[in-house]
Amino acid sequence: MLILFTPEENKSTEKEQLIYFLENELSVLHVRKPKITELELRSWLSQFEEKYLRKMVLHQHHGLAEAFPVKGIHLKENIRRKQENLELYIEHYKLNGFTISSSFHDFENMKTGALLFDYVILSPVFTSVSKEGYQGKEFNVEKFPHKVVALGGIEADKIPRVKYLGYEGVAVMGAIWLAENKQQAFNEIYNKYRNVYK
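Just so it is clear, the structure is predicted and the values come from calculations on it, not from any experiment. (Residues numbered from 1 in each chain as written. Predicted model: local features only at pLDDT ≥ 70, side-chain atom pairs only at ≥ 80, totals over all residues. Heavy atoms only, no water.)

Asks: Can you walk me through the environment of His61 in this structure?
Replies: Among the secondary structure elements, His61 is positioned in the loop between strand S3 (56-58) and strand S4 (72-75). Taking the C-alpha atoms as reference points, His61 and Tyr167, separated by 106 residues in sequence, lie 28 Å from one another. (Helix = DSSP H or I, 4+ residues; strand = E, 2+ residues; numbered from the N terminus.)

Asks: Could you clarify how one ought to interpret the nonpolar core in this entry?
Replies: Of all hydrophobic cores here, the largest spans 70 residues; its most connected members are Trp44, Met56 and Tyr167. Counting residues per element, this core draws most heavily on helix H9 (residues 182-196), which supplies six residues. For Trp44, the contacting residues outside a window of four places in its chain are Thr6, Asn10, Glu14, Leu18, Leu29, Val31, Lys33, Ile36 and Met56. (Core = buried A, V, L, I, M, F, W, Y, C linked by side-chain atoms within 4.5 Å. Buried < 20%, exposed > 50% of the residue type's maximum accessible area, 1.4 Å probe, protein only. Contact = heavy atoms within 4.5 Å.)

Asks: Looking at this structure, I do not really get the pattern of salt bridges. What am I missing?
Replies: When the charged atoms of two side chains with opposite charge come close together, those side chains can pair. In this structure the tally under the stated criterion is ten salt bridges. Between Arg32 and Glu8 there is a salt bridge; the shortest N-O distance is 2.8 Å. Within this pair, whereas Arg32 is found in the loop between strand S2 (28-31) and helix H2 (38-45), its partner Glu8 is found in the loop between strand S1 (2-5) and helix H1 (14-23), the two being separated by 24 residues in sequence. A salt bridge links Glu138 to Arg161; its shortest N-O distance comes to 2.8 Å. Taken together, the residues Glu138 in the loop between strand S6 (119-122) and strand S7 (148-151) and Arg161 in helix H7 (residues 159-164) connect sequence positions 23 residues apart. In this structure Arg161 comes out as partly exposed when scored by relative accessible area, which is 36%. (Salt bridge = Lys/Arg side-chain N within 4 Å of Asp/Glu carboxyl O.)

Asks: Is there a simple way to think about the pairing of S2 in this case?
Replies: Regular strands have side chains that alternate between both faces of the sheet. Residues Val28 and His30 of S2 are buried on one face, and the alternating residues Leu29 and Val31, pointing to the opposite face, are buried as well. Sheet topology places S1 next to S2; three bridges connect them, and they run parallel. Note that in S2 the partner of Leu4 across the bridge is Leu29. With H1 bridging S1 and its parallel neighbour S2, the resulting β-α-β unit is right-handed. (Pairing = 2+ DSSP bridges. Right-handed = clockwise from strand over helix to strand, strands pointing away.)

Asks: Quick question: what am I supposed to make of helix H5 (residues 86-95) here?
Replies: Structurally, the α-helix is built with 3.6 residues per turn, so residues lying three or four positions apart point the same way. Within the span of H5, buried status applies to Leu86, Ile90 and Tyr93. In a view along the axis of H5, the buried residues occupy a sector of 65 degrees, so they form one face of it. Within H5, the exposed residues directed more than 90 degrees away from the buried face are Glu87, Leu88 and Leu95. On the buried face of H5, the contacting elements are S4, helix H4 (77-82) and strand S5 (99-104). Positive backbone phi, at 85 degrees, marks Gly97, one or two positions downstream of H5. (Arc of directions from axis to C-beta.)

Asks: It is not clear to me how the side chain of Lys33 should be interpreted in this structure. Could you clarify?
Replies: Structurally, Lys33 can be placed in the loop between S2 and H2. Each residue touching Lys33, except ones within four places of it in the same chain, is listed here: Thr6, Pro7, Glu8, Glu9, Asn10, Glu14, Trp44 and Gln60.

Asks: Sorry if this is basic, but what is going on with the sheet that holds S3 here?
Replies: Adjacent strands of a sheet form backbone hydrogen bonds with each other and so pair up, either parallel or antiparallel. Spatial strand order, S1-S2-S3-S4-S5-S6-S7-S8: eight strands in a closed barrel with parallel pairing. Ignoring strand direction, the axes of neighbouring strands in this sheet form an average angle of 25 degrees. Packed on one face of the sheet, H5 meets S4 and S5 and runs near 160 degrees to S4. (Axes fitted to C-alpha atoms, helices over the stretch in contact; angles between N-to-C directions.)

Asks: Would you mind showing me how to read the packing of aromatic side chains here?
Replies: The description of two aromatic rings rests on the distance between their centres and on the angle between their planes. Counted under the stated rule, the structure contains nine aromatic pairs. The structure contains a cluster of three or more aromatic residues connected by ring pairs, namely Tyr20, Phe21, Trp177, Phe186 and Tyr190. Against the face of Phe126 rests Lys158, its NZ or CZ located 5.3 Å from the ring centre. It is Lys163 that lies over the ring of Tyr197; its NZ or CZ is 5.3 Å from the centre. (Phe/Tyr/Trp six-rings, centres within 6.5 Å; stacked < 30°, edge-to-face > 60°. Lys NZ or Arg CZ within 6 Å of the ring centre and 35° of its normal.)

In structure tokens:
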């Protein structure tokens, strides 16, 4: 599984860049925009054709999953902790055909919480490209019996190590959005990913 996180802020060239990635083998796009309002996110999603929406997972305003044909929803760690009746909340979306994922930053917490989700994202695996102070922990999930995706410091040359550590795939953010040539950066990551995860 190759996941790309959107930039947090809306950018004028973002739509064209995202369509390029979605047209060029991006498996899943996690729509993560912490400051966006529900109305703004509705407008943002309205820009995209259904074939692109079907690869998108919403981090905010989960109710919009019932208005747009998105792939699923993602529960951030703090939302997961605050959500009353978490299992019922998850079940509601699962029954409607959505994938449910969540984030973890600690291996022990993940061991007890991961089974509720279709896949989980564990970070930081390597030192973050985009966030200062996020030191990589190189969590080994080789013997963990659930689908775990690596996030944090993921660049093309790290992907073989990710596979060795037992991850089902990678999630990227800074390596793409901080690159001068974003398409080239994506292509390098995708090609390495395809070769490693044959």
